[in-house]
There are 2 protein chains.
Amino acid sequence: MNNQKDKDEFSEPAIKHPSSDELLDVSIIGGGIAGASAAIYTGRYMMKTAVFTALRGGAIIDSTMVENYPGFIRISGYDLMQRVLKQASYYGALIIDAEIKSIEKKEDFFLLKSTTSEEYKSRQIIIATGTHRRRLGLPKEEEFFGKGISHCATCDAFFYKDKIVGVIGGSNTAAFSAMLLSKYASKVYLIYRRDTLRCEPYWRKLLEEDEKVEIIYNANVVELLGDKMLQGVRLDNGASIDLDGLFVEIGSEPSSDLAKSIGVKTDDSGYIIVDEAMRTNVQGVYSAGDVNTASAGLKQLIVGASEGAIAASSAYDFHQRNFKNN
Amino acid sequence: MNNQKDKDEFSEPAIKHPSSDELLDVSIIGGGIAGASAAIYTGRYMMKTAVFTALRGGAIIDSTMVENYPGFIRISGYDLMQRVLKQASYYGALIIDAEIKSIEKKEDFFLLKSTTSEEYKSRQIIIATGTHRRRLGLPKEEEFFGKGISHCATCDAFFYKDKIVGVIGGSNTAAFSAMLLSKYASKVYLIYRRDTLRCEPYWRKLLEEDEKVEIIYNANVVELLGDKMLQGVRLDNGASIDLDGLFVEIGSEPSSDLAKSIGVKTDDSGYIIVDEAMRTNVQGVYSAGDVNTASAGLKQLIVGASEGAIAASSAYDFHQRNFKNN
């Protein structure tokens with residue numbers, strides 16, 4: 001794609017945007033990859049579509065490099081999401097910079113209210129609110145994100161060839177991250193607060209047998225060292241470790257409170273339960289992306305994009321069956 | 001992405017390719033979007049990966065315009081697949097231009113033979129062989145593909161604003177295509193060989209009520225009219241219809257014979273049955289893309305790409321558990 005050409009040819013939408021005060025066919029909550037992808041599809045299905053987002057692009061815009069989204073050998077999260085949101089807008093979706101704080105089911109539509117008290121009406125809803133990572137809660141943590149601190153080994157392991165890295169956590173995800181990192185890094189410290197990893201035994205065995213991996217039990221990181229980039233950590237046992245990278249794998253939490261408020265069912269961890277068509281238990285409400293239980297739990301951009309397309313197709317199918325006077 | 005920069009920076013693979021005569025960790029059958037996406041992931045998981053393909057890029061390379069792959073407002077199928085295959089190669093996958101004709105399960109690996117009798121050994125397999133569309137079997141049909149003839153209304157309806165189009169078929173897919181096209185086109189002829197559409201009643205009702213849609217029953221297309229582009233069709237009742245586009249929706253068939261030959265279960269239509277992690281019933285064999293039953297049956301590039309990533313992650317998980325001396 002030639003950027004100059006993009007600008008000229010695609011600056012005006014090919015499908016007219018709805019106005020925010022008319023009855024929308026579908027409202028998409030969340031402007032990350034899943035929501036934006038859903039909007040491309042619903043827009044092209046000629047459904048009146050709005051995307052509500054407090055942060056255009058979602059959490060991925062903090063990632064300086066994405067290498068595993070098929071189509072781009074290497075692209076920043078920000079640039080990728082600019083492209084996808086522009087595409088959604090081009091194909092008819094209205095992007096609204098607002099956070100939805102409440103949804104109410106009315107007779108024929110859902111009533112959405114934003115944090116600034118604006119109201120929107122929508123026939124159907126796609127919830128693509130993602131997850132938020134648990135933080136260590138330490139000074140410099142936000143500042144070092146993308147500058148040594150990462151939450152995704154599948155995404156970033158590759159950048160740590162022959163480097164020294166740390167992983168914090170004891171779950172399967174933490175173990176997986178440490179094992180993947182050991183294929184690239186020269187040394188991997190796995191730092192866990194308890195005296196036994198809580199991951200599956202086979203992961204524990206792999207980790208214990210891996211010469212590059214050193215497990216530090218009964219330890220908490222209490223300080224992030226470094227000036228502009230992360231350079232190491234200090235532990236509560238007094239020790240310091242020099243590090244080029246630190247993978248914080250202490251879990252994430254789905255942003256599903258809004259969904260729950262309208263009766264959408266979640267699993268015990270709060271992830272929205274969907275079927276393979278991305279339908280929730282509430283008629284007219286779908287969910288796509290990291291916030292749901294689909295796709296064997298794999299949290300990747302390409303997976304969220306696909307789930308957005310599937311949710312959009314399901315919403316369109318329902319729309320055709322129920323709202324033919326479009 | 002700047003193409004010149006692509007060429008300089010990414011011409012040498014970042015991860016070394018395996019050689020085709022060593023034991024491969026994973027063999028991916030099919031070089032379309034699902035296979036290529038799987039290869040990006042397995043490559044980055046440091047699994048020795050080969051992609052076997054008779055046609056680099058798969059069926060989509062015939063599509064002159066793809067507009068609904070998130071990240072590209074508009075790109076040719078050929079260009080998109082060039083990018084994705086290059087990315088797979090850059091991250092360690094060996095692309096082999098060969099068609100696999102047989103797979104044999106050995107004690108510790110699968111033995112693959114190509115149509116030119118070369119042999120390859122692989123620990124695991126991802127089957128991403130796609131589908132082939134049923135053809136009308138008329139002269140000029142291949143020539144007009146992408147020049148007025150299409151197989152995907154979701155992909156191409158948009159190009160027929162205020163145009164006259166035909167749809168051949170009577171299935172749900174044909175009905176869906178006709179209804180979507182009626183949002184763009186000025187006139188839609190639905191041509192079906194029987195006296196009743198076989199789609200669900202609600203689709204039939206929508207079609208019958210749509211003023212733009214005219215259903216022609218008991219008719220077969222016997223000739224494709226036009227010189228370099230499709231300009232119309234002639235029916236077996238003698239009538240001719242002027243058309244700007246023709247959507248052939250007479251079904252498609254999964255290319256699953258190779259999978260069946262090693263005991264992989266399919267549904268009644270021949271689609272490979274997978275779980276949500278893209279695992280088949282045969283241990284070490286996965287399937288991604290249009291050939292399988294996943295993702296509520298939605299056949300879209302973005303969905304295939306996601307399934308490739310999921311299959312790759314499942315294969316990596318199995319690899320870690322069983323072949324730790326990688």
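Residues numbered from 1 in each chain as written. Chains lettered and ligands numbered in written order. Predicted model: local features only at pLDDT ≥ 70, side-chain atom pairs only at ≥ 80, totals over all residues. Heavy atoms only, no water.

Undergrad: Mind showing me how you'd approach the environment of A:Leu55 here?
TA: Residues and elements named next belong to chain A. Structurally, Leu 55 can be placed in the loop between β2 (49-52) and α3 (77-90). Counting along the chain gives 251 residues from Leu 55 to Ser 306, while the straight-line C-alpha distance between them is 21 Å. Those residues in contact with Leu 55, other than ones at most four positions away along the chain, are Gly 31 and Ile 61. (Helix = DSSP H or I, 4+ residues; strand = E, 2+ residues; numbered from the N terminus. Contact = heavy atoms within 4.5 Å.)

Undergrad: I'm lost on the pattern of salt bridges in this one. Help?
TA: Any two side chains of opposite charge can pair, so long as their charged atoms come close to each other. Using the criterion set out here, one finds 32 salt bridges over all chains in the structure. Between A:Asp275 and A:Arg279 there is a salt bridge, with its nearest N and O atoms 2.9 Å apart. When its relative accessible area of 30% is taken as the criterion, A:Asp275 is described as partly exposed. The exposure class of A:Arg279 is partly exposed, given its relative accessible area of 43%. One network of salt bridges, in which partners are shared, links A:Arg44, B:Glu67 and B:Arg74. (Salt bridge = Lys/Arg side-chain N within 4 Å of Asp/Glu carboxyl O. Buried < 20%, exposed > 50% of the residue type's maximum accessible area, 1.4 Å probe, protein only.)

Undergrad: In this structure, what is going on with the relation of the copies chain B and chain A? I would like to understand it.
TA: Copy one and copy two of the chain differ by a rotation about an axis and a translation along that axis. In the superposition of chain B on chain A (RMSD 0.0 Å, axial shift 0.0 Å), the rotation amounts to 180 degrees. Expressed as an axis order, the relation between the two copies is that of a two-fold axis. Measuring from the rotation axis to each C-alpha of chain B, the shortest distance belongs to B:Ser306, at 3.0 Å. Interface overlap between copies: 98% of the residues of chain B at the interface are likewise at the interface in chain A, consistent with a symmetric, same-surface contact. (Least-squares fit on C-alpha atoms with pLDDT ≥ 70 in both.)

Undergrad: What exactly am I supposed to notice about the state of the cysteines here?
TA: One covalent bond between the sulfur atoms of two cysteine residues makes up a disulfide. Residues and elements named next belong to chain A. Here the structure, examined in full by the defined rule, presents two disulfides over all chains. Here Cys 152 connects covalently by a disulfide to Cys 155, the sulfurs 2.2 Å from one another. Between Cys 152 and Cys 155, the disulfide has an S-S torsion of 70 degrees and is therefore right-handed. Of the two residues, Cys 152 and Cys 155, neither departs from the other in class, the shared state being buried. Not part of a disulfide, Cys 199 finds its nearest cysteine sulfur in Cys 152, a span of 18 Å. (Disulfide = S-S within 2.5 Å.)

Undergrad: What should I look at first to understand the domain arrangement of chain A in this one?
TA: Interfaces are often described in size by the accessible area the parts lose on coming together. All names here are of chain A. For chain A, the assigned domains read domain 1 (4-132 + 252-322) and domain 2 (135-248). With seven residues of domain 1 at the contact, the number on the domain 2 side is eight residues. Taken together, the two surfaces of domain 1 and domain 2 that pack against each other cover about 550 Å², and 53% of this comes from carbon and sulfur. Remark: the boundary between domain 1 and domain 2 carries zero salt bridges. Our count for the contact surface shared by domain 1 and domain 2 stands at zero residue pairs in polar contact (both at pLDDT 80 or more). Residues that form the side of domain 1 that touches domain 2 fall into these classes: one nonpolar, three polar and three charged. (Domains from an automatic or database assignment. Buried area = accessible area lost by both parts, 1.4 Å probe. Polar contact = N/O pair within 3.5 Å; in protein donor to acceptor, adjacent residues only side chain to side chain. Nonpolar A, V, L, I, M, F, W, Y, C, P; charged D, E, K, R; others polar.)

Undergrad: Please explain the pairing of strand β12 (residues 221-225) of chain A as it appears in this structure.
TA: Residue and element names in this part refer to chain A. Looking at chain direction, β12 and strand β13 (residues 232-235) are connected through four bridges and run antiparallel. Pairing of Glu 223 across the sheet is with Arg 234, part of β13. The turn linking β12 back onto β13 is made up of six residues, and Gly 226 within it adopts a positive phi angle of 130 degrees. (Pairing = 2+ DSSP bridges.)

Undergrad: Sorry, what's going on with the sheet that holds strand β8 (residues 149-150) of chain B here?
TA: In sheet architecture, strand pairing relies on hydrogen bonds along the backbone and comes in two forms, parallel and antiparallel. All names here are of chain B. One open sheet holds the five strands; their spatial order is β8-β15-β9-β10-β11, and the pairing between them is parallel. Since the sheet does not close on itself, it has two edges, and those belong to β8 and β11 (213-216), each with one partner. Where β8 meets strand β15 (residues 245-248), two bridges bridge the pair, whose relative direction is parallel. Opposite Ser 150, over in β15, you have Phe 247 as the bridge partner. Against the sheet, helix α5 (residues 172-182) makes contact with β9 (164-168), β10 (187-191), β11 and β15, and its axis sits at roughly 170 degrees relative to β9, the strand it touches most. (Axes fitted to C-alpha atoms, helices over the stretch in contact; angles between N-to-C directions.)

Undergrad: It is not clear to me how the packing of aromatic side chains should be interpreted in this structure. Could you clarify?
TA: Given two aromatic rings, their pairing is described by the distance between the two centres and the angle made by the two planes. Across all of its chains, the model carries 30 aromatic pairs over all chains by this definition. Plain terms: the ring middles of A:Phe10 and A:Tyr90 are 4.9 Å apart, the flat faces sit at 90 degrees to each other, and that makes the pair edge-to-face. Residue A:Phe10 is located in helix α1 (residues 3-10), and its partner A:Tyr90 is located in helix α3; the two are separated by 80 residues in the primary sequence. Here A:Phe10 and A:Tyr90 have matching classes, each one buried. One aromatic cluster is present, built from ring pairs that chain together A:Phe10, A:Tyr90, A:Tyr91, B:Phe158, B:Phe159 and B:Tyr184. Directly above the ring of A:Tyr91 sits A:Arg44, whose terminal nitrogen or CZ lies 4.8 Å from the centroid. Taking NZ or CZ as reference, A:Lys187 lies 5.2 Å from the ring centre of A:Tyr189, over its face. (Phe/Tyr/Trp six-rings, centres within 6.5 Å; stacked < 30°, edge-to-face > 60°. Lys NZ or Arg CZ within 6 Å of the ring centre and 35° of its normal.)

Undergrad: I tried to follow the packing of helix α2 (residues 33-44) of chain A against α3(A) on my own but got confused; where do I start?
TA: In a packed pair of helices, the relevant descriptors are the angle between the two axes and the axis-to-axis distance. All names here are of chain A. Packing of α2 against α3 leaves a shortest axis separation of 8 Å and a crossing angle of 30 degrees. With respect to α3, the axis of α2 lies roughly parallel. Taken as a pair, α2 and α3 cross one another with a handedness that is left-handed. Counting all contacts with α2, which are made through Ile 33, Ala 36, Ser 37, Ala 39 and Ile 40, the residues of α3 involved are Met 81, Val 84, Leu 85, Gln 87 and Ala 88. Residues belonging to the contact of α2 with α3 are distributed by class as follows: eight nonpolar, two polar and no charged. (Parallel < 35°, antiparallel > 145°, perpendicular 65-115°, else oblique. Left-handed = near helix turned anticlockwise from the far one by under 90°.)

Undergrad: What is the right way to read helix α2 (residues 33-44) of chain B from this model?
TA: Owing to its 3.6 residues per turn, the α-helix aligns residues three or four sequence positions apart on the same side. Residues and elements named next belong to chain B. Given a rise of 1.5 Å per residue, 12 residues ought to cover 16 Å, and the 17 Å separating the end C-alpha atoms of α2 matches this to within 8%. Most of α2 is tucked away, with 12 of its 12 residues classed as buried. Along α2, the positions that sit buried rather than exposed are Ile 33, Ala 34, Gly 35, Ala 36, Ser 37, Ala 38, Ala 39, Ile 40, Tyr 41, Thr 42, Gly 43 and Arg 44. One or two steps after α2, the chain reaches Met 46, where phi turns positive at roughly 65 degrees. (Expected span 1.5 Å × (residues − 1).)

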